[in-house]
Amino acid sequence: IAEVIAPLVIFDGSELHNLKFDMKAIKEDFDFDLGFDNIKSGPFDLPITHIYGEQRDKDLYLNFNAIHNGEYFLSLPSILSGTSEELRLHVPPEDIILNGEQWHIPISNEVRINKEELVFKDFVFSKGNNSVSYTNDLIETEDAQVAVSFSNFNIKEILNYLNPEETFAEGELNGSFALINPFKTPGIIADLAISNLSVFNSDLGVLCLNAESIGTD
């Protein structure tokens, strides 16, 4: 059993309130809870946040969540299982919350991780016509790839966690980013655009990223 509590930590003008870490272990099973009540730093004002972990029967159940005004503002559960040779990650489809709203993922989702590959299966987060997809076949190439694509994804869905009371950045993200040969000589192919970009209430128009860098053996 371990417990660490820090009621107030001040560093370089920033404040961390009620940092707490608990861990309990019984034989091969253990639980932990790492969290804080608030972080304030400049325009950022992070809400109550916890990372929970519970290991049962060699499976590790994780949940990253944040609470604002008494309700879940962010909730990302996951289950990690497998062996030292290969890990498997599954996201339970219930209770996925971003920016205070429900998101969805197919119940068949899975990520396999080993020394030679990172494989996605049905790993698509969606809400209405907004989606974030992780795949291995986005780019036409014979090489291995790890790719993420965005469709009508407003960046505030993630960034509002930094300050739920005030949206400091928003805009619709579309396009894709692919990492080619991630376990050998990696290269990248990126085609991303954020339209209607606004930062601190200043309209910045469209921000684009187009890049290609293919690694060589």
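See the structure printed just above.
Scoring rules and cut-offs
Residues numbered from 1 in each chain as written. Predicted model: local features only at pLDDT ≥ 70, side-chain atom pairs only at ≥ 80, totals over all residues. Heavy atoms only, no water. Helix = DSSP H or I, 4+ residues; strand = E, 2+ residues; numbered from the N terminus. Contact = heavy atoms within 4.5 Å. Pairing = 2+ DSSP bridges. Axes fitted to C-alpha atoms, helices over the stretch in contact; angles between N-to-C directions. Core = buried A, V, L, I, M, F, W, Y, C linked by side-chain atoms within 4.5 Å. Buried < 20%, exposed > 50% of the residue type's maximum accessible area, 1.4 Å probe, protein only.

Caption draft 1: How the structure looks around the environment of glycine 100. If you trace the backbone, glycine 100 turns up in the loop between strand E10 (96–98) and strand E11 (101–103). In contact with glycine 100, other than residues within four places in its own chain, are Tyr72 and Phe73.

Caption draft 2: Geometry of the sheet that holds strand E18 (residues 187–199). Ordered by their spatial adjacency, six strands build an open sheet running E14-E15-E16-E17-E18-E19, and the pairing between neighbours is antiparallel. Two strands lie at the open edges of the sheet, namely strand E14 (123–127) and strand E19 (202–213), each paired on one side alone. Between one strand axis and the next, the sheet turns by 5 degrees as a mean value, whatever way the strands run. With five bridges connecting them, E14 and strand E15 (residues 130–135) associate as antiparallel partners. Looking at E15, one finds that phenylalanine 125 is bridged to valine 132.

Caption draft 3: Spotlight on the nonpolar core. Core analysis: the largest hydrophobic core is formed by 28 residues, its most contacted members being Phe123, Phe125, Phe150, Tyr161 and Leu173. For this core, the secondary-structure elements that each account for two or more residues are strand E8 (71–82), E10, E14, strand E16 (145–154), strand E17 (169–180) and E18. Ranked by residues supplied to this core, first place goes to E16 with four residues. Leaving out residues up to four positions away in the same chain, leucine 173 has contacts with Phe150, Ser151, Asn152, Phe153, Ile155, Leu192, Ala193 and Ile194.

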